[in-house]
Amino acid sequence: MEQLLTRLVNLGKSAPKRAFLIIFLCLALCDLFLVRDLTWLMENWTGKRFWVNYSFSLISLLLLMVILAPSKNGSVRSLFMFFILGTQIAQQSYFAIYRNFVTVFDLRFVAADPLLTLELWLDNAIILKPLLLLLIELPLLLLLFRLELKPKLWLRACSVVVASLFFLLVSFSWYGISKFQFSAVAYAGVFPSLIERNAFEGKLADKPVLTPQKPVEGLPNIVFIVGESLTLDHTGIAGYERQTTPKLQQMMAANELILYRNAVSIGTRTLSSVPYMLTGLQGIDPHGLVYSSPTIFNYAKAAGYKTALISAQDFQWRNVDQIFVDQDLDFYRSGTDFSASVSVSEGADDMKVLEEGILPYLQTALDRKSEAPMLLVAQMNGSHYPYSSHSPDYIKQFLPENNPNGMNAYDNTVLYTDLYLTTLVKAVRQKDPNAWVFYSSDHGQDVSHNKTSFNAGYGSGVIHNALMVFPPADAIDTLKANETAPVSQADIFATILNLMQIQPVTEINGINLMSKIDPARLRVVSAYMKTLHNEPNAVLVLPDLRYIHIDFDRQSATLPDGKTIQPYQELMPEYRAIFDRRLTPTQHGEL
């Protein structure tokens with residue numbers, strides 16, 4: 001080690017730029033192999049998202065070194081060395097326990113009880129790896145400030161701008177994942193994320209705080225599976241010519257599931273459906289009523305449930321996580337915990353998430369029979385495009401997949417969903433025969449032999465929803481009464497509240513599936529949602545699944561024949577009333 005340092009010192013004198021790059025590479029390698037570990041690196045190093053995050057954070061570090069290395073100020077040097085070593089050791093200790101890096105919630109925990117934080121750190125602190133990190137990096141950092149580097153003023157100025165841009169990018173972008181970044185940069189990024197979180201919570205300021213109710217004996221365990229892009233028309237259980245759901249078909253034949261054949265989605269995109277599925281709202285929401293609505297987790301916690309959310313997708317996209325991940329969510333894992341390649345179009349493999357995340361959680365949660373009942377929300381990767389990458393080779397039966405977004409590729413994803421759902425339901429049933437399992441895809445896809453339109457518009461493939469319930473045996477007949485009734489995704493929320501025996505405190509738009517549903521019921525599927533792009537259009541769905549398309553910009557309504565257009569104001573008053581009450585900003589009225 002002494003000889004190596006001597007060589008580096010000599011190199012620093014003769015070739016300072018080369019020494020600078022060697023120091024930079026050593027810091028990066030120590031960060032990968034000492035702050036993290038080899039096992040974690042082997043699991044994630046092939047992931048695109050890992051390399052994007054790590055590269056961008058390394059650029060920030062490199063430019064910061066260019067800015068500060070020439071400094072002769074002792075305070076600046078000390079602060080930089082503390083910034084690197086202090087934060088790396090903190091991240092190293094946290095990673096050893098949680099396999100993750102420090103988050104916004106951890107900073108809040110420290111601020112709330114610093115003494116308890118210190119006690120927990122002393123109980124769990126690791127010693128050898130931090131010492132090794134100090135032994136390697138401290139001499140390198142000391143050497144950094146002895147290099148005769150004299151970058152031009154314009155280079156240092158440009159470095160400040162570019163480093164700031166890259167830092168803000170990895171800190172604020174939904175694509176940024178702290179555990180995939182250089183650890184010191186990731187730690188610094190928590191602070192702007194804290195500011196962002198506090199600013200976002202301003203939207204949630206009007207959300208009512210639910211009062212915990214007295215525990216009720218015999219409340220059921222509940223699993224709510226949020227699917228992705230499953231089209232009812234491509235499921236064998238709904239009469240599709242291909243048998244894409246053989247396992248679900250067996251469960252249906254055994255009277256173990258109910259398929260609702262007249263269900264519609266709330267929205268046509270993930271962000272215009274999932275937030276509303278988990279808050280019980282349906283209809284247009286141009287002013288963000290969803291942000292002041294209690295979530296399924298808030299109600300469950302008030303009813304005495306333990307709560308969990310396990311997603312195969314990235315729940316950070318457009319701050320969706322900030323609506324749901326709060327003090328009432330006991331257990332949370334996102335798609336990036338299972339794959340370093342998670343993106344908007346592709347999440348983690350569903351069966352991997354099931355086997356490594358959901359089943360272990362169920363094993364623990366359902367074994368504790370004396371404790372509180374459980375609510376688990378599981379979000380799938382499902383059938384999102386590109387379809388061919390959403391099912392593994394061993395499941396593919398419809399070949400060839402010449403088109404990655406063709407019908408064969410899509411139908412293979414339905415086969416994979418069939419395997420996932422039946423595996424999960426059977427695992428729940430083995431532990432608790434009286435548990436309830438709900439499934440609804442966020443939206444569908446328009447897929448055919450000739451053309452794939454994905455989830456554009458309001459076609460039947462997009463809005464006709466694959467909604468299923470796997471209830472206890474004694475509830476089958478009650479649920480079957482609404483098997484062909486006009487139902488909505490929002491009805492799952494209302495049904496779950498009924499099972500929890502808790503009353504909504506603000507408006508919800510679903511109907512309990514165990515109550516009688518009006519056969520003339522009207523439903524709304526909308527893109528006019530603040531959680532996405534607030535596209536000013538929606539459809540009013542009639543009981544027979546025909547619909548009236550409303551364009552709020554043009555103030556026009558296209559009737560079910562697709563040809564007749566009339567002014568919005570000439571619609572029947574009862575139709576307009578469904579939309580008008582949400583067009584002007586209002587606050588929730590307590591029920």
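The model shown is predicted, which means the values in this text are computed figures rather than measured ones.

Trainee: Explain the overall build of the protein chain to me, using residue names and the numbers behind them.
Mentor: Secondary structure summary: the protein chain contains 20 helices and 16 strands in total. For 591 residues, the compact-globule estimate of 2.2 N^0.38 gives 25 Å, and the protein chain sits close to it at 27 Å. Expressed along its principal axes, the backbone C-alpha trace of the protein chain runs to roughly 85 × 55 × 55 Å. Buried residues in the protein chain amount to 55% of all 591 residues. Of the accessible surface of the protein chain, which amounts to about 25,800 Å², a share of 58% is contributed by carbon and sulfur atoms. Charged side chains in the protein chain number 48 positive and 54 negative. The centres of these two groups are separated by 9 Å.

Trainee: Describe the sheet that holds strand β7 (residues 436-441), naming the residues involved and giving the relevant values.
Mentor: Read across the sheet, 7 strands follow the order β2-β10-β7-β1-β6-β4-β5 without closing on themselves; strand pairing throughout is mixed. Two strands bound the open sheet, and with one partner strand each, they are β2 (258-260) and β5 (331-333). Direction aside, neighbouring strands of the sheet carry axes that sit 10° apart on average. Pairing geometry for β7 and strand β10 (residues 467-470), over 4 bridges, is antiparallel. Note that in β10 the partner of Val437 across the bridge is Phe470.

Trainee: Account for the environment of Lys530, with residues named and values stated.
Mentor: Of note, Lys530 is situated in the loop between β12 (523-526) and β13 (537-541). Judged by relative accessible area, Lys530 falls into the partly exposed class, the value being 37%. Through-space distance from the C-alpha of Lys530 to that of Pro386 is 26 Å; in sequence the pair is 144 residues apart. When sequence neighbours within four positions are dropped, the list of residues in contact with Lys530 reads Tyr276, Asp285, Pro286, His287, Gly288 and Tyr291.

Trainee: Mind laying out the sheet that holds β12, listing which residues take part and the relevant values?
Mentor: Pairing between the strands of a sheet comes from backbone hydrogen bonds, and it takes one of two forms, parallel or antiparallel. Strand order in this open sheet of 5 strands is β12-β13-β14-β15-β16, and the pairing throughout is antiparallel. Across the chains shown, the open sheet's two edge strands, defined by having one partner strand only, are β12 and β16 (565-567). On average, adjacent strands in this sheet sit at an angle of 25° to one another, irrespective of strand direction. Looking at chain direction, strand β14 (residues 547-551) and strand β15 (residues 556-558) are connected through 3 bridges and run antiparallel. By the bridge assignment, Ile550 is partnered in β15 with Ala557. Strand contacts of helix α20 (residues 573-583): β12, β13 and β14, with the helix running at about 135° to β13, the strand carrying the most contacts.

Trainee: Before we move on, could you go through a nonpolar patch on the surface and cite the residues and values that matter?
Mentor: Together, Leu29, Phe33, Leu38, Met42, Trp45 and Trp51 line one region of the surface with nonpolar side chains, adding up to about 650 Å² of accessible area. At the level of secondary structure, the elements contributing two or more residues to the nonpolar patch comprise α2 (16-35) and α3 (38-44). Tracing the chain through its elements places Leu38 in helix α3.

Trainee: Which residues make up the environment of Lys150, and what values go with them?
Mentor: Assignment of secondary structure puts Lys150 in the loop between α8 (128-144) and α9 (153-172). Accessibility expressed as a relative area gives 73% for Lys150, which makes it exposed. Between the alpha carbons of Lys150 and Leu194 there is a distance of 36 Å; along the sequence they are 44 residues apart.

Trainee: Give a description of the pairing of β10 that names residues and reports values.
Mentor: Burial of the side chains of β10 extends over both faces: Leu467 and Val469 are buried on one face and Met468 and Phe470 on the other. Here β2 runs beside β10; their pairing, made up of 3 bridges, is antiparallel. Opposite Ile258, over in β10, you have Val469 as the bridge partner.

Trainee: Could you give an account of the packing of aromatic side chains, with specific residues and numbers?
Mentor: We describe a pair of aromatic rings using the distance from one ring centre to the other and the angle between the two ring planes. Counted according to the given criterion, the structure contains 22 aromatic pairs. A ring pair is formed by Trp40 and Phe180, whose centres lie 6.0 Å apart and whose planes are at 45°; its orientation type is tilted. Highlighted residues: Trp40 in helix α3 and Phe180 in the loop between α9 and α10 (183-201), separated in sequence by 140 residues. Pairwise contacts between aromatic rings join Trp40, Phe50, Trp51, Tyr54, Phe95, Phe101 and Phe180 into one cluster.

Trainee: Please provide a residue-by-residue account of empty space enclosed by the protein, values included.
Mentor: This structure, assessed with the given rule, holds 1 cavity of 30 Å³ or more. Together, Gln313, Ser343, Val344, Ser345, Glu346, Gly347, Asn381, His384 and His390 line the largest cavity. Considering only residue class, the lining of the largest cavity consists of 1 nonpolar, 7 polar and 1 charged.

Trainee: Explain the nonpolar core residue by residue, including any values.
Mentor: One finds Phe224, Tyr260, Ile296, Phe438 and Met500 to be the most contacted residues of the largest nonpolar core, which totals 55 residues. When residues in this core are grouped by element, the largest group, 7 residues, is from helix α19 (residues 490-500). Aside from chain neighbours lying at most four places away, what touches Phe224 is Met277, Leu278, Leu376, Val377, Ala378, Phe438, Ile492 and Ile496. Judged by nonpolar contacts, the second largest core, of 51 residues, contains Tyr240, Val342, Met351 and Tyr410.

Trainee: Summarise the packing of α2 against α8; cite the residues concerned and give the values.
Mentor: In a packed pair of helices, the relevant descriptors are the angle between the two axes and the axis-to-axis distance. Packing of α2 against α8 brings their axes to within 10 Å, and their N-to-C directions diverge by 165°. By the criterion of interaxial angle, the relationship of α2 to α8 is roughly antiparallel. For α2 against α8, the interelement crossing comes out left-handed. For the pair α2 and α8, contact is made by Phe20, Ile23, Cys26, Leu27, Cys30, Phe33, Leu34 and Val35 and by Lys129, Leu132, Leu133, Ile136, Glu137, Leu140, Leu141, Leu143 and Leu144, respectively.

Trainee: Please provide a residue-by-residue account of the pairing of β13, values included.
Mentor: The buried count for β13 comes to 5 of 5 residues, which makes it a mostly enclosed element. Neither face of β13 is open: one carries Asn537, Val539 and Val541, the other Ala538 and Leu540, and all of them are buried. Pairing geometry for β12 and β13, over 4 bridges, is antiparallel. Bridging from a neighbouring strand, Val524 pairs with Leu540 of β13.

Rules and cut-offs
Residues numbered from 1 in each chain as written. Predicted model: local features only at pLDDT ≥ 70, side-chain atom pairs only at ≥ 80, totals over all residues. Heavy atoms only, no water. Helix = DSSP H or I, 4+ residues; strand = E, 2+ residues; numbered from the N terminus. Rg over C-alpha atoms; globule rule 2.2 N^0.38 Å. Buried < 20%, exposed > 50% of the residue type's maximum accessible area, 1.4 Å probe, protein only. Areas by Shrake-Rupley, 256 points an atom, 1.4 Å probe, with all protein chains shown as cover. Lys, Arg positive; Asp, Glu negative; His and termini not counted. Charge placed at Lys NZ, Arg CZ, Asp CG, Glu CD. Pairing = 2+ DSSP bridges. Axes fitted to C-alpha atoms, helices over the stretch in contact; angles between N-to-C directions. Contact = heavy atoms within 4.5 Å. Patch = residues over 30% accessible without salt bridge, like charges linked within 9 Å, V, L, I, M, F, W, Y side chains within 5 Å. Salt bridge = Lys/Arg side-chain N within 4 Å of Asp/Glu carboxyl O. Phe/Tyr/Trp six-rings, centres within 6.5 Å; stacked < 30°, edge-to-face > 60°. 1 Å grid on protein atoms, 1.4 Å probe; cavity = no way out; pocket = protein on both sides within 12 Å on 5 of 7 lines; lining within 4 Å. Points joined across faces, edges and corners; volume = space filled by probe spheres on them. Nonpolar A, V, L, I, M, F, W, Y, C, P; charged D, E, K, R; others polar. Core = buried A, V, L, I, M, F, W, Y, C linked by side-chain atoms within 4.5 Å. Parallel < 35°, antiparallel > 145°, perpendicular 65-115°, else oblique. Left-handed = near helix turned anticlockwise from the far one by under 90°.

Fair warning: the whole summary comes from geometry, so function is off the table for now.
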